[in-house]
Structures are given as C-alpha cells and as structure tokens.
Amino acid sequence: MKAIPYGRQHISEEDIQAVIETLQSDYLTQGPKIAQFEEAFANYIGSKYAVALSNGTAALHLCTLALGVETGDKVITTPITFAASANCIRYCGGEVVFSDIDPETYLLDINKVRTLLESAPKGTYKGIIPVDFAGRANNLEAFRELADEYDLWIIEDSCHSPGGSFKDSHGNTQNCGNGNFADLAIFSFHPVKHIASGEGGMISTNDKNLYEKLLQLRTHGIVKNNDLYTNTVELAGGDEQYPGWYMEMQNLGFNYRLTDFQAALGLSQLSRANKGISRRREIAAKYFDALKDKAYIKGQSSVVEGHAYHLYVIEVEDRLGLYNYLRNKNIYAQIHYIPCHLMPYYKQFGWKEGDFPYAENYYKHCISLPMYPTLTDDEQAYVINEINTFYSEKY
Ligand SMILES: *Cc1c(COP(=O)(O)O)cnc(C)c1O
C-alpha cells in the first residue's frame, strides 16, 4: 500500500493545460486570470465580491488591516485552529482573546463568547474570528446577532469550508463566506485544502467599501483612479489633466498578489469543487458508520448537513499509540490542532494550561483521518481495518 496522507491535492490533465496556457500568454501576473478566478469564486460561494491573494495568511492580514485593528484592540477567536487565525490580530498589534470550543461541534462556543462580552463594558472587544473548523460551518446568523449587540465585526475563517453551509433560522441555506453575516471571509488554496493553487488565498465580502480597500492594500496601497487623487494635477506633472503614468500610494499596503498561472490552476480546480465535496461526504459517511459503535471512539466529526469535510476528526483513547501504529502502516493521520493558547508565543501573554478544558481535552484525543476526494474505497477500507486491528490488539 502506498503512503496515505491525511489530505492531498488532485491535479488533472485540464489543470495542467490551464497552467501551460497561462504560462504561454502575455501575463504571468496582474493579468485577466485573476479577475476570472475572483468572479467564478464569488459565484461559487454566493458573495458579491472576492479578492485573490498570495495565501490565506495574507488574506487574514488584509482583513484585520481593512477593519482597522489597532494596538490593544481585543479580538476573540478559537484556540482550535491554525495559528494564522489568531496571528492576524497580532500583525496589527491587537490582543488575541481565546475562548473555548463546544465539545460536540469543535467550534467556538457562542455561549462562552456571549459570557465574555457580557462580563466587560461595551466597546471592550472589537471583533470575532469564528473558524469553520474541519469544514463544519458556524451558525453565523447567531454570531451576527451577538456581534451587532456589541458592535463587533466578524471575519469568518472559511479555509476549511469552501462549499460548506448552514441552515439559517428561516431554513435557507447559507454558504460559508457568502458575506450575508460576516463582514469578511477568507479562504486558502494550499494543496491540503479543497481547491489548490500551490499557494493562494481569497477574501470574500458583500461590502463595497471594504472590497475597494482590500484591492488597494493588495498592491502597496496604490490608487490608479483620476477621481480619487489628492495631489493636484500640477504636482502630478500634468497640465489640464493627470498624466497617463500617474498613480498615488495613499496607504501602506503590501504585495500580496496571486499570479495568473496560480489563478488559472485555481479556476480549473474550482470547476471540480462540487464533485470533490460530494466525494468527501461519501468518505465521511463511511467513516461514521464504520466507527460509530466502537468502544475506542470518544467522539467524531459525524454526518452533518453542509459539512465540507476538509478534515475527518475522531477522538480516541491512546491517540499517540494509534498515530504511531498508523505511520508504521504508511497511513499519515495528523493532529489538528495543538491549541493556539499553549503555543510558547501565546503563553507569553499569560495563556496557560487549564484555561480551556474542552479545547485541551479535545487535543488529548483528536486525530484527523485521511480525507481527500481521490482516496479510494480500498484505501479507506484499509485505514478503517488498521484502526480496528490496533485496538483489537490493544484492548
Ligand atoms: C490553511 C489555513 C490558514 C492559512 O492559509 P495559508 O494559505 O496556508 O496561509 C488559515 N486558517 C486556517 C484555519 C487554515 O486551515
């Protein structure tokens, strides 16, 4: 049996052709593929606007910049996420306030967030970053209601959930990142994620002002629009009007652009995204049925409508033993995540073991099983069989 990772990309012949065509075109970057990818992606998730970026972390950074996070601003997020969800607050000098997860969903527990907000004067907190962990959608309608009460913004970290959704209180399907509830949502196109472009990211929003800010910040804070210039025509070097070459750097931005050949790859992958999600759901249903009655299972991702299954997580006894056993069998299950508040970088701010019992207990037992559309039935059966063998030998 060849090595089975926890996640991996799938590159088709069409993907390769799309990249080659772009490499042979006039534009390697800042060309037409970017807007095409943005439009198709916005269409896929149902948002008004999308901005393609060099990676998901850059996307998070531009979100906190565009929302005006400043030194000392308190922002709430979950400890069970990739560090970047929290780090983006620090990039702007803000203060990360972690809050515990719901042990059933593994998502930020909205009731604990409410308690946190109630226990401080209004205005103490500036925003919330819920993460659609493993591909399970947060109920953003509920988060929006709470955020409005306290005048907070929301960044939805949807890196795990393109194509995922939840049902709102009217029974309508709300796609992750569709901009109906969160101010901004972010995605990553790293190869382990649903849509791969090598490196890549996207911000989606329905807010035109934020959209325009993001476009500017993506390219050094430069504006190229006669109507927006603040210097005079004369200072710009023109006579009647601004000269053709003129542009203005109005804010301190970055170069966080995606290249056109990456966008071409992303665009080609996007056309298979729905198929990929369907296959992920099949795999999840199979894991759930095979494992649900096992005594060694303490919890698992389970079958949930709208789940995008970036990961399939189980919670088990002797997680270390299982992890090492599976590696010996060429199965590279992985752990998501070491709680952020226990990272040495965050411990310096006073976070410590014992702060978040549910997150810490989850971390003691969690392991992510192989989950990607090209995992074959035989490979999945092999994984399930090896898990059973490990526990039948041990218990
Ligand atoms: C992958 C990921 C990111 C960062 O994306 P990159 O493209 O790797 O920078 C942020 N948040 C979560 C939850 C992720 O899984």
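Residues numbered from 1 in each chain as written. Predicted model: local features only at pLDDT ≥ 70, side-chain atom pairs only at ≥ 80, totals over all residues. Heavy atoms only, no water.

- The protein goes by UDP-4-amino-4, 6-dideoxy-N-acetyl-beta-L-altrosamine transaminase in an unreviewed UniProt entry, where it is assigned to Paucihalobacter ruber.
- Entered under Sequence similarities (unreviewed entry) in the UniProt record, the comment concerning the protein runs "Belongs to the DegT/DnrJ/EryC1 family." (UniProt positions renumbered as here; feature names shortened; annotations may be inferred.)

### Remarks on the sheet that holds strand β2 (residues 49–53)
And then number 1: Read from one edge to the other, the open sheet built from 7 strands follows the order β2-β10-β9-β6-β5-β3-β4, with strand pairing classed as mixed. Two strands bound the open sheet, and with one partner strand each, they are β2 and β4 (95–98). Between one strand and the next, the sheet's axes are offset by a mean angle of 25°, whatever the strand orientation.
And then number 2: Both strand β5 (residues 125–129) and strand β6 (residues 153–157) contribute to a ladder of 2 bridges, which runs parallel. Following the sheet pairing, Gly-127 is matched in β6 by Trp-153.
And then number 3: Along the sheet face, helix α6 (residues 140–149) touches β5 and β6 and points at about 155° away from the line of β6. (Pairing = 2+ DSSP bridges. Helix = DSSP H or I, 4+ residues; strand = E, 2+ residues; numbered from the N terminus. Axes fitted to C-alpha atoms, helices over the stretch in contact; angles between N-to-C directions. Contact = heavy atoms within 4.5 Å.)

### With respect to the packing of helix α3 (residues 56–66) against helix α7 (residues 208–218)
And then number 1: Between α3 and α7, the shortest axis-to-axis distance is 10 Å and the interhelical angle comes to 125°. One element, α3, and the other, α7, form an angle in the oblique class. The handedness of the crossing between α3 and α7 comes out as right-handed. Contacts from Leu-62, Cys-63, Leu-65 and Ala-66 of α3 reach α7 at Leu-210, Lys-213, Leu-214, Leu-217 and Arg-218.
And then number 2: When its residues are assigned to classes, the contact of α3 with α7 shows 7 nonpolar, no polar and 2 charged. (Parallel < 35°, antiparallel > 145°, perpendicular 65-115°, else oblique. Left-handed = near helix turned anticlockwise from the far one by under 90°. Nonpolar A, V, L, I, M, F, W, Y, C, P; charged D, E, K, R; others polar.)

### Regarding the site of the ligand
And then number 1: The immediate surroundings of the ligand are formed by 15 residues, with Gly-56, Thr-57, His-160, Ser-188 and Lys-193 found nearest.
And then number 2: With respect to the ligand, the side chain of Ser-188 contributes an N or O atom lying 2.7 Å from an oxygen atom.
And then number 3: Considering the ligand on its own, with 380 Å² of exposed area, one finds that the protein chains cover 93% of that surface.
And then number 4: Ranked by residues supplied to the shell around the ligand, first place goes to α3 with 3 residues.
And then number 5: Residue classes in the shell around the ligand are distributed as 5 nonpolar, 8 polar and 2 charged. (Near = heavy atom within 4 Å. Polar contact = N/O pair within 3.5 Å; in protein donor to acceptor, adjacent residues only side chain to side chain. Areas by Shrake-Rupley, 256 points an atom, 1.4 Å probe, with all protein chains shown as cover.)

### Re the UniProt feature "modified residue: N6-(pyridoxal phosphate)lysine" (unreviewed entry) in the protein
And then number 1: According to UniProt, the feature "modified residue: N6-(pyridoxal phosphate)lysine" (unreviewed entry) maps to Lys-193 in the numbering used here.
And then number 2: Considering the arrangement of structural elements, one finds Lys-193 in the loop between β9 (184–188) and β10 (201–205).
And then number 3: By relative accessible area, which is 14% here, Lys-193 ends up buried.
And then number 4: With residues near it in sequence (within four places) discarded, Lys-193 still touches Cys-159, His-160, Ser-188, Arg-280 and His-310. (Buried < 20%, exposed > 50% of the residue type's maximum accessible area, 1.4 Å probe, protein only.)

### Thoughts on the packing of helix α2 (residues 32–45) against helix α9 (residues 260–270)
And then number 1: Where α2 contacts α9, the axes come no closer than 8 Å and their chain directions differ by 30°. With respect to their mutual orientation, α2 and α9 come out roughly parallel. Handedness of the α2/α9 crossing: left-handed. Two secondary-structure elements touch here, α2 through Pro-32, Lys-33, Ile-34, Gln-36, Phe-37, Ala-40, Phe-41 and Tyr-44 and α9 through Asp-260, Ala-263, Ala-264, Gly-266, Leu-267 and Leu-270.
And then number 2: Considering only residue class, the contact of α2 with α9 consists of 10 nonpolar, 2 polar and 2 charged.

### Comments concerning the nonpolar core
And then number 1: Core analysis: the largest hydrophobic core is formed by 100 residues, its most contacted members being Phe-133, Ile-203, Tyr-287, Ile-314 and Leu-322.
And then number 2: Taken domain by domain, the makeup of this core includes at least three residues from each of domain 1 (4–270) and domain 2 (273–391).
And then number 3: Residue contacts for Tyr-287: discarding those within four places in its chain leaves Gln-300, Tyr-312, Leu-369, Pro-370, Leu-375, Gln-380, Val-383 and Ile-384.
And then number 4: Listed in part, the 20 residues of the second largest apolar core include Ala-50, Phe-189, Leu-258 and Ala-308. (Core = buried A, V, L, I, M, F, W, Y, C linked by side-chain atoms within 4.5 Å. Domains from an automatic or database assignment.)

### Remarks on helix α1 (residues 13–23)
And then number 1: Within α1, the full set of buried residues consists of Asp-15, Ala-18, Val-19 and Thr-22. The buried side chains of α1 occupy one side of the element, clustering within an arc of 95° when seen end-on. In α1, those exposed residues whose orientation departs by more than 90 degrees from the buried face are Glu-13 and Glu-21.
And then number 2: Its buried side turned inward, α1 meets α2 and α9. (Arc of directions from axis to C-beta.)

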